[in-house]
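So the chains spell out like this:
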Number of protein chains: 2
Amino acid sequence: MYRKIAADLRDKIKSGELPPGSLLPTQQELSRKYEVARMTTRQAIAELINEGLVVAQQGRGVTVRDRQQMVYRPQDGWEAPTSPTIDRFTAAFTRHGRNPSMEIDVSVVQADDFVAERLGVEPRSQVVARRRVISLDGTPFHINDTYYPYELVRDTEIMSPADIPGGSNYVLAERGYRERYAIDEFFIRMPTPEEIGRLRLNPGTPVAMHVVTGFTAREEPVRCDIFILPGDRHVIMYERVHPIDDEGRPVSTPRGGQS
Amino acid sequence: MYRKIAADLRDKIKSGELPPGSLLPTQQELSRKYEVARMTTRQAIAELINEGLVVAQQGRGVTVRDRQQMVYRPQDGWEAPTSPTIDRFTAAFTRHGRNPSMEIDVSVVQADDFVAERLGVEPRSQVVARRRVISLDGTPFHINDTYYPYELVRDTEIMSPADIPGGSNYVLAERGYRERYAIDEFFIRMPTPEEIGRLRLNPGTPVAMHVVTGFTAREEPVRCDIFILPGDRHVIMYERVHPIDDEGRPVSTPRGGQS
DNA sequence: AAGTGGTCTAGACCACGCC
DNA sequence: GCGTGGTCTAGACCACTTA
């Protein structure tokens, strides 16, 4: 029964009969209409909440969710190739008049297993953690925690909780650790209670955990960057070029030829 | 109260006291221990289910979930650069003795708004849909639906529901539509009921929707590929190379220089 | 103050897995 | 057949928003 109620409501949302921002019928109304107990209608609504379709607020009611997504481009700052087409794609998600802000917190911590494995250091050895929450118009958009091997960044401006002109890669390059390539990993999962708090997430919002591990040309790890991207606020976008030309012949790549 | 029960169980799972595959205390036991009604313990367990931590099965009990993830590499087949390091990364997620299988279904359908926008055709115009479900050892791993403009693929082997030797890009290239570059989009969300059915997903499993739109050098779209990747079964991995060399000078890119 | 959703109770019966 | 989780009822009181 609760599945039928949920399906009916889902259909009304998808068809546009209940547009984003509108209020669903109250739980009491649904109970009367379907002749069920309120706990049953609550279960139907819980299903929609967990699907990320609606949000419930005490005293207000249940409203249909609206997605406001921004484009997240891992290749930004890499002087990546850009085509007119990708601008057309990103335009669909771009909003204007945004007011960005950032919270920064730098500390020396013990590396957990996950970070230690990526930085090639012993678990629980000291690393520098640079933790940031990036907000737009006052609402948190994503978490960006960066971990560096302690010896690489001690006594640099990376240790100070302020914006770094030119980026931290510039600082590392000056010390002889120029990042040459990086590996991106994405894990799709539900947020931890800590992440829900830091990002003020609604129930039913999954996140992408984007892990960037940067290496020098000598294969030494120089940084491990962890982004937590709420699914309702981001579209992740990449651009790729085939390493063969229009006649099917190989084109030289930055790392010098085909593998 | 139900939050406390959920937090206690979550701690026991994270600490390893309740390892993957083990059974949680039954709802009746929890009700006795915490002196609450069974509906309250059910709510605690519902929370853990929606976090993707546990699965409930009628007649069996509630078990701690185990993740078996495979590596998903969008760059595969692109002759992408490969370093020894990425092999080390992928090794952590690779399982052996896997038995892959595929279901294919090809049909001519009306493009929805999403696909029409990406293929640059009118909404509801005819496109060819090639729908696949890829399974490993009998369990579905991901959905791969590919859409082509009808005129580009009519009377080709893309229309037949069988494996294509060399891939569909090879067939398109022969007809003068060689894919030169592609744009990747990732949307993170909860699965639709249809996706839950096709992939036999457990509750609390988010998915990544990976959309690849391929273009010729003349900026004509040739395909729109939609992958549905369950979060508990995939790690998405990219490798990127900085377009500058160790002295900081630009390196030529496949598309010919910096932007 | 009225109305909304949030939590909780103490029962009931059903569907399923396992012995 | 027994015990598990799945569904549902008919109440109760609380916390919060809005007017």
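Each chain carries its own residue numbering, running from 1 in the written order of its sequence. Chain A is the first chain written and ligand 1 is the first ligand written, with later ones labelled in order. Since the coordinates come from a predicted model, pLDDT governs what is reported: local features require at least 70, and pairs of side-chain atoms require 80 or more to be given and counted, while whole-chain, interface and lining totals use all residues. Only hydrogens and water are set aside when side-chain values are computed; all heavy atoms of the structure are taken into account.

Undergrad: It is not clear to me how the sheet that holds strand β4 (residues 100-110) of chain A should be interpreted in this structure. Could you clarify?
TA: Paired through backbone hydrogen bonds, the strands of a sheet run either parallel or antiparallel to each other. Pairing is mixed in the open sheet, where eight strands are placed in the order β4(A)-β5(A)-β6(A)-β9(A)-β8(A)-β7(A)-β10(B)-β3(B). The two strands at the open ends of the sheet, each matched to only one other strand, are β4 of chain A together with β3 (70-72) of chain B. Between one strand axis and the next, the sheet turns by 20 degrees as a mean value, whatever way the strands run. Two strands form a pair only when DSSP identifies at least two bridges running between them. A run of DSSP states H or I qualifies as a helix once it reaches four residues; a run of E qualifies as a strand once it reaches two. Both are numbered from the N-terminal end. Bridging between β4 of chain A and strand β5 (residues 126-136) of chain A involves eleven bridges; their strand directions are antiparallel. What sits directly across from Gln110 of chain A, in β5 of chain A, is Gln126 of chain A. Simply put, an axis is a line fit to the C-alpha atoms, just over the touching stretch for a helix, and the angle between two N-to-C directions goes from 0 to 180 degrees.

Undergrad: Help me out: how do you make sense of the environment of Glu103 of chain B in this one?
TA: Residues and elements named next belong to chain B. On the secondary structure map, Glu103 appears in strand β4 (residues 100-110). Residue exposure (1.4 Å probe, protein chains only): buried if accessible area is under 20% of the type maximum, exposed if over 50%, otherwise partly exposed. For Glu103, a relative accessible area of 56% puts it in the exposed group. When the C-alpha positions of Glu103 and Asp113 are compared, they lie 26 Å apart, and in sequence the two are ten residues distant. Here Glu103 is in contact with Arg131, Arg132 and Val133, once residues within four sequence places are set aside. We call two residues contacting when some pair of their heavy atoms lies within 4.5 Å.

Undergrad: Hey, could you run me through the pattern of salt bridges in this one?
TA: Opposite charge on two side chains lets them pair, provided their charged atoms get close. Note on definitions: salt bridges are taken to be side-chain nitrogens of Lys or Arg within 4 Å of carboxyl oxygens of Asp or Glu. Summed over all chains, the structure comprises 34 salt bridges over all chains. The shortest N-O distance in the salt bridge between Asp184 of chain A and Arg240 of chain B comes to 2.7 Å. Note that Asp184 of chain A is positioned in strand β7 (residues 181-189) and Arg240 of chain B in strand β10 (residues 234-241), a pairing that runs across two chains. What makes Asp184 of chain A buried here is its relative accessible area of 0%. One salt bridge connects Arg198 of chain A with Glu194 of chain A, and the closest N-O pair in it is separated by 3.5 Å. One end of the pair, Arg198 of chain A, and the other, Glu194 of chain A, are both in helix α8 (residues 193-199), four residues apart, so they sit about a helical turn from each other.

Undergrad: I keep staring at the protein's contact with DNA strand D and nothing clicks. Help me out?
TA: Residues in close proximity to DNA strand D total 25 residues, the closest being Met1, Ala37 and Thr40 of chain A together with Arg38 and Gln58 of chain B. The sugar and phosphate moieties of DNA strand D supply 70% of its atoms located within 4 Å of the protein. Two N or O atoms count as a polar contact when they lie within 3.5 Å, although within protein this holds only if one can serve as hydrogen donor and the other as acceptor, and sequence-adjacent residues are included solely when both atoms are side-chain atoms. Side-chain polar atom of Arg42 of chain B to a phosphate oxygen of DNA strand D: 2.9 Å apart, as the coordinates give it. Among the secondary structure elements, those contributing two or more residues to the surface near DNA strand D are α1 (2-15) and α3 (38-50) of chain A together with α2 (27-34), α3 (38-50), β1 (54-57) and β2 (61-64) of chain B. Per-element accounting of the surface near DNA strand D gives the leading share, four residues, to α3 of chain A. Asp, Glu, Lys and Arg are counted as charged, while Ala, Val, Leu, Ile, Met, Phe, Trp, Tyr, Cys and Pro are counted as nonpolar; the rest, among them Gly, fall into the polar class. Of the residues assigned to the surface near DNA strand D, the class counts are eight nonpolar, eleven polar and six charged. By convention in these notes, a residue is near a molecule or strand provided one of its non-hydrogen atoms lies within 4 Å of it.

Undergrad: Please clarify how the side chain of Glu179 of chain B should be interpreted in this entry.
TA: In this structure, Glu179 of chain B sits in the loop between α7 (168-174) and β7 (181-189). Engagement of the side chain of Glu179 of chain B in a polar contact is seen with the side chain of Arg223 of chain B, the distance being 2.6 Å.

Undergrad: Where do I start with unusual backbone geometry in this structure?
TA: Excluding glycine, residues mostly have negative phi values, and the peptide bonds linking residues are mostly trans. You will see that Arg124 of chain A, though not glycine, has its phi angle at about 70 degrees, which is positive. Even without glycine at this site, Arg200 of chain B takes up a positive phi of about 50 degrees. Within the fold, Arg200 of chain B resides in the loop between α8 (193-199) and β8 (207-215). On the accessibility criterion, Arg200 of chain B (53% relative accessible area) is exposed.

Undergrad: Which parts of the structure should I look at to understand the packing of aromatic side chains?
TA: For any pair of aromatic rings, the description consists of the separation of the ring centres together with the inter-plane angle of the planes. Between the rings of Phe, Tyr and Trp (Trp by its six-membered ring), a pair exists once the centres lie within 6.5 Å; its type follows the angle of the planes, with under 30 degrees stacked, over 60 edge-to-face, and the other angles tilted. Applying the stated rule across the entire model yields twelve aromatic pairs over all chains. Ring geometry for Phe186 of chain A and Tyr238 of chain B: centres 6.5 Å apart, planes at 80 degrees, overall edge-to-face. In this pair, Phe186 of chain A is assigned in strand β7 and Tyr238 of chain B in strand β10, connecting two distinct chains. Centroid distance Tyr238 of chain A to Tyr238 of chain B: 3.7 Å. Interplanar angle 5 degrees. Geometry classified as stacked. Of this pair, Tyr238 of chain A sits in strand β10 (residues 234-241) while Tyr238 of chain B sits in strand β10, on two different chains. A relative accessible area of 1% places Tyr238 of chain A in the buried class. Aromatic ring contacts, followed pair by pair, group Phe186 and Tyr238 of chain A together with Phe186 and Tyr238 of chain B into a single cluster.

Undergrad: Would you explain the side chain of Arg118 of chain A in this entry?
TA: Residue and element names in this part refer to chain A. Among the structural elements, Arg118 can be located in helix α5 (residues 113-119). Residue classification places Arg118 among the buried residues on the basis of a relative accessible area of 4%. A distance of 3.1 Å separates a polar atom in the side chain of Arg118 from the backbone oxygen of Phe114.

Undergrad: Just to check I follow, could you spell out the protein's contact with DNA strand C for this structure?
TA: Not every one of the 25 residues close to DNA strand C is listed here, only the nearest: Arg38 and Gln58 of chain A together with Met1, Ala37 and Thr40 of chain B. One nitrogen or oxygen atom from the main chain of Gln27 of chain A is found 3.1 Å from a phosphate oxygen belonging to DNA strand C. Mapped onto the surface near DNA strand C, the elements with two or more residues apiece are α2 (27-34), α3, β1 (54-57) and β2 (61-64) of chain A together with α1 (2-15) and α3 of chain B. The element contributing the most residues to the surface near DNA strand C is α3 of chain B, with four residues. Considering only residue class, the surface near DNA strand C consists of eight nonpolar, eleven polar and six charged.

Undergrad: Any chance you could explain the environment of His142 of chain A here in plain terms?
TA: Residues and elements named next belong to chain A. Within the secondary structure, His142 is located in strand β6 (residues 139-149). Judged by relative accessible area, which is 10%, His142 ranks as buried. Non-local contacts of His142, meaning those with residues more than four positions away in its chain, are made with Arg132, Val133, Ile134, Leu199, Phe227, Ile228, Leu229, Pro230 and His234. In this structure the side chain of His142 is engaged in a polar contact, spanning 3.0 Å, whose partner is the side chain of His234.

Undergrad: It is not clear to me how the packing of α1 of chain B against α2 of chain B should be interpreted in this structure. Could you clarify?
TA: Each pair of packed helices can be described by the angle between their axes along with the distance between the axes. Residues and elements named next belong to chain B. Running from amino to carboxyl end, α1 crosses α2 at an angle of 115 degrees, the nearest separation of the two axes being 12 Å. α1 and α2 meet at a crossing whose hand is right-handed. Where α1 abuts α2, its residues Lys4, Ile5, Asp8, Leu9 and Lys12 lie against Leu30, Lys33 and Tyr34. A breakdown of the residues in the contact of α1 with α2 according to their chemical character gives four nonpolar, no polar and four charged. Left-handed is the label given to a crossing in which the near helix is rotated counterclockwise from the far helix by less than a right angle, and right-handed is the label when the rotation is clockwise.

Undergrad: Would you mind going over helix α4 (residues 84-91) of chain A with me for this structure?
TA: When α4 of chain A is considered as a whole, its buried residues turn out to be Thr85, Ile86, Phe89 and Thr90 of chain A. In a view along the axis of α4 of chain A, the buried residues occupy a sector of 135 degrees, so they form one face of it. Buried residues along α4 of chain A sit against β3 (70-72) and β10 of chain A together with α5 (113-119), β7 and β8 of chain B. As used here, the arc is the angular range of directions from the helix axis to the C-beta atoms.

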